[in-house]
Amino acid sequence: MVKPLGWLVLALGVLALAAAATAGWRELTVLGVACLLLLAVSLPFLVGRTRVRVDLVLEPSRVAAGMTVTAGIDVTNLATGRMLPTVFDLPVGDAVHRYGIPALAPGATHQETFTVRTERRGVIGVGPATTRRGDPLGLVSRDTEWTDLQEILVRPAMVPLDALGAGLLRDLEGVETESISQSDLAFHTLREYVAGDDLRHVHWRSSAKAMASGGESQLLVRQYLDTRRSHATIVVDDQPASYAGGERGVDEFETAMSATASIIVRAVLDDFEASFVCGHHASSGVDGHLALDAVCRAVTGRVGLIPAARKAADIAHDTSLLFLVTGGAAPFEDVLRASAAFPPEVRRIAIVVDGSAAATVTETGGLTVLRVGALEDLPGLLHWSAR
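Residues numbered from 1 in each chain as written. Predicted model: local features only at pLDDT ≥ 70, side-chain atom pairs only at ≥ 80, totals over all residues. Heavy atoms only, no water.

**Structural notes on the overall build of the protein**
Alright, step 1. If you tally the helices and strands in the protein, you get eight helices and 20 strands.
Alright, step 2. In the protein, which comprises 387 residues, the proportion classed as buried is 43%.
Alright, step 3. Total accessible area on the protein is roughly 20200 Å²; 57% of this is exposed by carbon and sulfur atoms. (Helix = DSSP H or I, 4+ residues; strand = E, 2+ residues; numbered from the N terminus. Buried < 20%, exposed > 50% of the residue type's maximum accessible area, 1.4 Å probe, protein only. Areas by Shrake-Rupley, 256 points an atom, 1.4 Å probe, with all protein chains shown as cover.)

Structure (structure tokens):
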């Protein structure tokens, strides 16, 4: 790769020779030849091959904001001869760490360790580790990447929450609930027919046996336990205009992401499926790590709450518990329209993050609205709203 300085020297040499041919100036000829000769002399520095194995280890790769990640880079000489000293560049976030690797005997390994301090929610890229072979003047270089780009996923601060599943149906995998259902998922027992029961669930053979044994003329119907897994879906408004302006708006958005992560963790502990949508980032399924990873990657944008809710309704059509998270500057009409993207039987909770407001719980048109001033308000408000 020709560096910018190399291109400058090449251009200067070509222009000097062209001017010398036109004007007949010997000095320009000397300058042009010197520039081209300088580039030719730099090329042998690119010759040669480094045979090494580089292992980049991050432990752990998922952390909460404020924690420290221990990282290590191991360089092993795979050549049959002694490796000359070299320099490795390792990008970590916006910084570049440079490590001098000493001469290594065949098969020898050199280790460099360092720590990465995490400050805020987000994704910190680490790598790829590269070596650079080039001339002393920096005209040309040959860069070789030895590792892939790895990521440190920094999760937001979270608070513990009470169980979300009071009164909800859950667990398709076989853990039955006490919720009585006329579905045909899991047969529970037989009971006497009462007015309003679906005649399709009448068990005629058992009814005939009961009458044949001298019992009263009473129909028996099947009773089932619903085993549908509860599904919590969290939709976050990514528009900066929905939050306060300036630095306070950034803090409110981060509070919204912290509330989201707290709900996802609680949902996973309650054996819920968890879906998350914020802007262009979405995740759905039983793996809570995927949802939390999406929370780490989420950023502000222009999608908005209503389109995000419609997207969530498509990817999580069996949602039983919906959380709409936005800021205090968002029009409440948008929150109502977003909640309308889901069927009426879905339980809806809106979390409005407003750093200047007191913590309150209100009910509007079947939508429970929690106004959160700080993350610490969330557990109490959720507990109160479930009463």
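Moving on from the model shown.
**Details of the pairing of strand β5 (residues 95-101)**
Alright, step 1. The sheet contact formed by strand β4 (residues 86-92) and β5 spans seven bridges and is antiparallel. Residue pairing in the sheet places V87 in a bridge with G100 of β5. (Pairing = 2+ DSSP bridges.)

**Considerations on the environment of H281**
Alright, step 1. Along the chain, the position of H281 falls in strand β16 (residues 281-285).
Alright, step 2. Judged by its relative accessible area of 25%, H281 is partly exposed.
Alright, step 3. For H281, the residues in contact, after removing those within four places along its chain, are F276, A294, R297, A298 and V299.
Alright, step 4. In this structure the side chain of H281 is engaged in a polar contact, spanning 3.3 Å, whose partner is the backbone oxygen of R297. (Contact = heavy atoms within 4.5 Å. Polar contact = N/O pair within 3.5 Å; in protein donor to acceptor, adjacent residues only side chain to side chain.)

**Concerning helix α1 (residues 4-23)**
Alright, step 1. Along its 20 residues, α1 runs 28 Å from first to last C-alpha, staying within 8% of the 28 Å computed at 1.5 Å per residue.
Alright, step 2. Among all positions in α1, only G6, V9, G13, A16 and A20 are buried. The arc that holds every buried residue of α1, seen down its axis, measures 95°, which confines them to one face. Counted as exposed and oriented over 90 degrees from the buried face of α1: P4, W7, L8, L15 and T22.
Alright, step 3. Where the residues of α1 are buried, they touch α2 (26-42).
Alright, step 4. Count one or two residues on from α1 and you reach G24, which has phi positive near 75°. (Expected span 1.5 Å × (residues − 1). Arc of directions from axis to C-beta.)

**Quick word on the sheet that holds β16**
Alright, step 1. Sheet architecture is open: seven strands sit in the order β16-β15-β14-β17-β18-β20-β19, paired in mixed fashion. At either margin of the open sheet sits one strand with a lone partner, and together these are β16 and β19 (360-364). Strand-to-strand twist across the sheet, computed as the mean angle between neighbouring axes with direction ignored, equals 15°.
Alright, step 2. Strand contacts of helix α5 (residues 288-297): β15 (273-278) and β16, with the helix running at about 170° to β16, the strand carrying the most contacts.
Alright, step 3. On top of the sheet, helix α8 (residues 378-385) reaches β17 (321-327), β18 (347-353), β19 and β20 (367-372); it is set at about 160° to β20, its chief contact. (Axes fitted to C-alpha atoms, helices over the stretch in contact; angles between N-to-C directions.)

**Remarks on the packing of aromatic side chains**
Aromatic rings in a pair are described by how distant their centres are and how their planes are angled relative to each other.
Alright, step 1. Scanning all chains against the criterion turns up two aromatic pairs.
Alright, step 2. Arranged with centres 5.6 Å apart and planes meeting at 85°, the rings of Y243 and F253 form a pair that is edge-to-face. Here F253 lies in helix α4 (residues 246-269) and Y243 lies in the loop between β14 (231-236) and α4, a separation of 10 residues in the sequence.
Alright, step 3. According to the relative accessible area criterion, Y243 is buried, its value standing at 4%. (Phe/Tyr/Trp six-rings, centres within 6.5 Å; stacked < 30°, edge-to-face > 60°.)

**Some details on the environment of S262**
Alright, step 1. Mapped onto the secondary structure, S262 falls in helix α4.
Alright, step 2. A C-alpha to C-alpha distance of 8.9 Å links S262 and P156, two positions 106 residues apart in sequence.
Alright, step 3. The contacts of S262, once residues within four sequence positions are left out, are M158, V159, L161 and L375.
Alright, step 4. Within the structure, the side chain of S262 is placed 2.9 Å from the backbone oxygen of S258, a separation counted as a polar contact.

**Here's the deal with the pattern of salt bridges**
Alright, step 1. As enumerated under the stated definition, the model contains 13 salt bridges in all.
Alright, step 2. Residue E247 is joined to R120 by a salt bridge in which the shortest nitrogen-to-oxygen separation is 4.0 Å. With E247 in helix α4 and R120 in the loop between β6 (109-117) and β7 (122-126), this residue pair connects regions lying 127 residues apart in the sequence.
Alright, step 3. You can call E247 exposed: its relative accessible area is 51%.
Alright, step 4. Classification of R120 by relative accessible area gives partly exposed; the value is 43%.
Alright, step 5. Put simply, R266 and D270 hold a salt bridge, and the shortest N to O gap is 2.8 Å. (Salt bridge = Lys/Arg side-chain N within 4 Å of Asp/Glu carboxyl O.)

**Overview of unusual backbone geometry**
Alright, step 1. For the bond running from E59 to P60, omega is -10°, close enough to zero to count as cis.
Alright, step 2. Relative to the helices and strands, P60 resides in the loop between β1 (52-59) and β2 (62-64).
Alright, step 3. In this structure, the amide linkage connecting G127 to the following residue, P128, adopts the cis form with an omega of 0°.
Alright, step 4. Structurally, P128 is set in the loop between β7 and β8 (130-134).
Alright, step 5. Of note, the phi angle at D271 is positive, near 65°, even though the residue is not glycine.
Alright, step 6. Residue position: D271 is located in the loop between α4 and β15.

**Details of the sheet that holds strand β3 (residues 68-77)**
Alright, step 1. Read across the sheet, three strands follow the order β1-β3-β6 without closing on themselves; strand pairing throughout is antiparallel. Either end of the sheet is taken by a strand with one partner, and the two such strands are β1 and β6. On average, adjacent strands in this sheet sit at an angle of 15° to one another, irrespective of strand direction.
Alright, step 2. In this sheet, β6 lies alongside β3 in antiparallel orientation, the contact comprising nine bridges. Bridging from a neighbouring strand, D74 pairs with Q111 of β6.

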